[in-house]
Amino acid sequence: MLSERIQTKVVRNLSAGYLNMKPLGAAKASLPAALNPKRGCLLYAHVPFCEKLCPYCSFCRYPFEEPRARAYFAALRKEMQMVARLGYNVESLYIGGGTPTVLVDELAKTIDLAGGLFNLREVSCETNPNHLIDPVLDVLDERVNRLSVGVQSFDDKLLHSMQRYDKYGSGMQILERLIECRGRYESLNVDMIFNFPTQTEEGLIHDLACILESGVNQTTFYPLMASPAIEEVLATTLGKVDYGKEARLYELICQALTSEPDVLLHPSLRERQDVFELNTAQEGAPFAFGSAWTFNASDSTMIDEYIINYEEYPAIGAGGFSYLGGSLYVNTFSVDEYIRVVESGQMSVKKRNQFSRSDKMRYRFMMQLFGLELDKAAWKKDFGVSVALGLPAEYAFFKAAGAINVDDDVRITLTPKGRYLLVALMREFFIGVNEMRDIARQALPQAEQKVQF
């Protein structure tokens, strides 16, 4: 798609600017105090430990070692208390990784502390398929509203290539565990990745059929987002990344999970489609979590999982990103430094980039349209100009590309083509974020660098 290729080049150039982080001196190594303590926000907590490191993952992650992980959880709780002292009104807690459930007793202590410090509305937590067992789930049942399971694919060949088969089981074993978990949580989400180098249309159709059979009430599809360093690793494990087939695979996902049976391309999907319709929104923090289309069985609207109901959010833990007061902050990627710094009474933030007015507008434009609707009144109130005047090039490009559906006095919404352009835009944006992670890893002590891949 020509418009996607043009957009990709532009976003890659822009990313170099608004993701250019500057080191903070020791005296300024803290998140700012809450500007509006009455306004609710989301707190992201990062747990970087995994029993198995996946070759496609750019997040801050380390091989699990129990003594080190217990010291880390203790530091995480201490940093959470620092956030509370800064006056943030945390309503939503999202615990990501890594694999937060590697030590479920420490995770429980962390969630319980958050419940005592903040007036939580909800708790979301990530996990992996091998932790869908009663000793883990029994602990989470009374503490977690939304459980997200990193499946990525039900294709056994892909699972072997990703080095996940031996640890997490076959696609059918994973499917059986998901079926057993149905109804246990307010939201049971399955994270999936599409556009793996060796993924075929038939392989994706098989994944979609498994999703429909599982009966989970939410599924998040992430386009593969590989930074240059990750691409090198992928080339030796899964093959060379081909973004040329991404649009077609995205179209298959949309066709399979809409409520229009006549557009489905495969009988196995048509048979199951009536139990699974497109989607509702969940809020979250995109720098921390990534981006994706989410499909939910509760209604018939298509929307992104990580819409910024909380546009600003603090993050704790090694490798966490915060967006506060128009500034992007990043924490240390070193687990050893994280534990040491927090135990000394300081926060873990290491770098900051203050967004320009134009970058703030681009960020709002990207995040709200990825949620399929841009609020024009809020835009005009916050920036003092219309979208067309504030971002003339971006607005004109989306108009010319046929990406805009509704454009009235109230809102801007997207056409199907526009939705894919936003998927591609976010993919490039987060590739830029992943490059920042690569740079952070390069600065790690040698002992921590060598365990990353």
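Undergrad: Explain the sheet that holds strand E20 (residues 411-414) here, please?
TA: Hydrogen bonding along the main chain pairs the strands of a sheet, whether they run parallel or antiparallel. The antiparallel open sheet is built from 3 strands, whose spatial order is E18-E20-E19. Two strands lie at the open edges of the sheet, namely strand E18 (373-375) and strand E19 (404-407), each paired on one side alone. Put simply, the sheet's adjacent strands are angled 15 degrees from each other on average, direction ignored. Summarising the sheet, E19 and E20 pair through 2 bridges and their orientation is antiparallel. Each residue of the ladder has a partner; that of Asp407, found in E20, is Ile412. Together, E18, E19 and E20 form the strand contacts of helix H15 (residues 376-383), whose direction differs from that of E18 by roughly 45 degrees.

Undergrad: Would you take a moment to explain helix H18 (residues 416-442) for this structure?
TA: It helps to recall that an α-helix has 3.6 residues per turn; residues three or four apart then point in one direction. For H18, which comprises 27 residues, the first-to-last C-alpha distance of 39 Å matches the rise-based estimate of 39 Å (1.5 Å per residue) to within 8%. The element H18 is largely enclosed, with a buried count of 21 among its 27 residues.

Undergrad: Would you explain empty space enclosed by the protein in this entry?
TA: Picture a little ball the size of a water molecule; that probe, rolled over the atoms, points out where space is still empty. This structure, assessed with the given rule, holds 3 cavities of 30 Å³ or more. Within this model, the largest cavity holds a volume of roughly 590 Å³. At the level of secondary structure, the elements contributing two or more residues to the lining of the largest cavity comprise strand E6 (122-127), strand E7 (146-152), strand E8 (187-194), strand E9 (218-223), helix H12 (286-289) and H18. Among the residues making up the lining of the largest cavity, the classes are represented as 16 nonpolar, 11 polar and 6 charged.

Undergrad: Explanation requested: the layout of surface pockets in the structure shown.
TA: Here the second largest pocket is characterised by a volume of approximately 490 Å³. Lining of the second largest pocket is provided by 27 residues; of these, Arg39, Glu312, Leu324, Gly325 and Gly326 occupy positions nearest its centre. Those elements that place two or more of their residues in the lining of the second largest pocket are strand E2 (40-47), strand E15 (321-324), strand E16 (327-331), strand E17 (349-354), helix H14 (357-370) and H15. The leading source of residues in the lining of the second largest pocket is H14, at 3 residues. A class-by-class count of the residues in the lining of the second largest pocket yields 12 nonpolar, 8 polar and 7 charged.

Undergrad: What is the right way to read the confidence of the model for the chain from this model?
TA: In the predicted model, the chain carries a mean pLDDT of 83, and 83% of its residues have values of at least 70. Between residues 259-266, whose pLDDT stays under 50, and residues either more than four places distant or in other chains, the model counts 17 contacts.

Undergrad: Mind showing me how you'd approach the sheet that holds E15 here?
TA: The strand order across the open sheet formed by 4 strands is E1-E17-E16-E15, and the pairing between neighbours is antiparallel. Both outer strands of the open sheet, strand E1 (22-23) and E15, are each paired with one neighbouring strand and no more. Summarising the sheet, E15 and E16 pair through 4 bridges and their orientation is antiparallel. Looking at the pairing, Leu324 lines up with Ser327 of E16.

Undergrad: Mind showing me how you'd approach helix H8 (residues 201-214) here?
TA: When the terminal C-alpha atoms of H8 are compared, their 20 Å separation across 14 residues agrees well with the 20 Å that a helix rising 1.5 Å per residue should span. Just downstream of H8, Gly215 is the residue with a positive phi angle, here 75 degrees.

Undergrad: Would you mind going over the environment of Ile431 with me for this structure?
TA: Of note, Ile431 is situated in helix H18. Residue class for Ile431 comes out buried when judged on its relative accessible area of 6%. Once the C-alpha coordinates of Ile431 and Ile230 are considered, the two residues, 201 residues apart in sequence, prove to be 9.8 Å apart. Residues within four places of Ile431 in sequence aside, it is in contact with Met225, Ala226, Ser227 and Tyr243.

Undergrad: Where do I start with the packing of aromatic side chains in this structure?
TA: Tallying each qualifying case throughout the model produces 10 aromatic pairs. Arranged with centres 5.5 Å apart and planes meeting at 45 degrees, the rings of Tyr250 and Tyr420 form a pair that is tilted. One end of the pair, Tyr250, is in helix H10 (residues 246-257); the other, Tyr420, is in helix H18, and 170 residues separate them in sequence. For the pair Tyr250 and Tyr420, a shared accessibility class is recorded, and that class is buried. With a centroid separation of 4.5 Å and an interplanar angle of 45 degrees, the aromatic rings of Tyr323 and Tyr363 are classed as tilted. In this pair, Tyr323 is assigned in strand E15 and Tyr363 in helix H14, connecting sequence segments 40 residues apart. The two residues Tyr323 and Tyr363 agree in class, both being buried. One aromatic cluster is present, built from ring pairs that chain together Phe49, Tyr72 and Tyr338.

Undergrad: Just to check I follow, could you spell out the pairing of E15 for this structure?
TA: Working note: regular strand, side chains alternate between the two faces of the sheet. Side chains Phe321 and Tyr323 of E15 all project onto a buried face; the interleaved residues Ser322 and Leu324 project onto the opposite face, where all are buried too. Between E15 and the antiparallel strand that follows it, E16, lie 2 residues; Gly325 among them carries a positive phi value of about 60 degrees.

Each value, and the rule that gives it
- Residues numbered from 1 in each chain as written.
- Predicted model: local features only at pLDDT ≥ 70, side-chain atom pairs only at ≥ 80, totals over all residues.
- Heavy atoms only, no water.
- Pairing = 2+ DSSP bridges.
- Helix = DSSP H or I, 4+ residues; strand = E, 2+ residues; numbered from the N terminus.
- Axes fitted to C-alpha atoms, helices over the stretch in contact; angles between N-to-C directions.
- Contact = heavy atoms within 4.5 Å.
- Expected span 1.5 Å × (residues − 1).
- Buried < 20%, exposed > 50% of the residue type's maximum accessible area, 1.4 Å probe, protein only.
- 1 Å grid on protein atoms, 1.4 Å probe; cavity = no way out; pocket = protein on both sides within 12 Å on 5 of 7 lines; lining within 4 Å.
- Points joined across faces, edges and corners; volume = space filled by probe spheres on them.
- Nonpolar A, V, L, I, M, F, W, Y, C, P; charged D, E, K, R; others polar.
- pLDDT = per-residue confidence, 0-100.
- Phe/Tyr/Trp six-rings, centres within 6.5 Å; stacked < 30°, edge-to-face > 60°.

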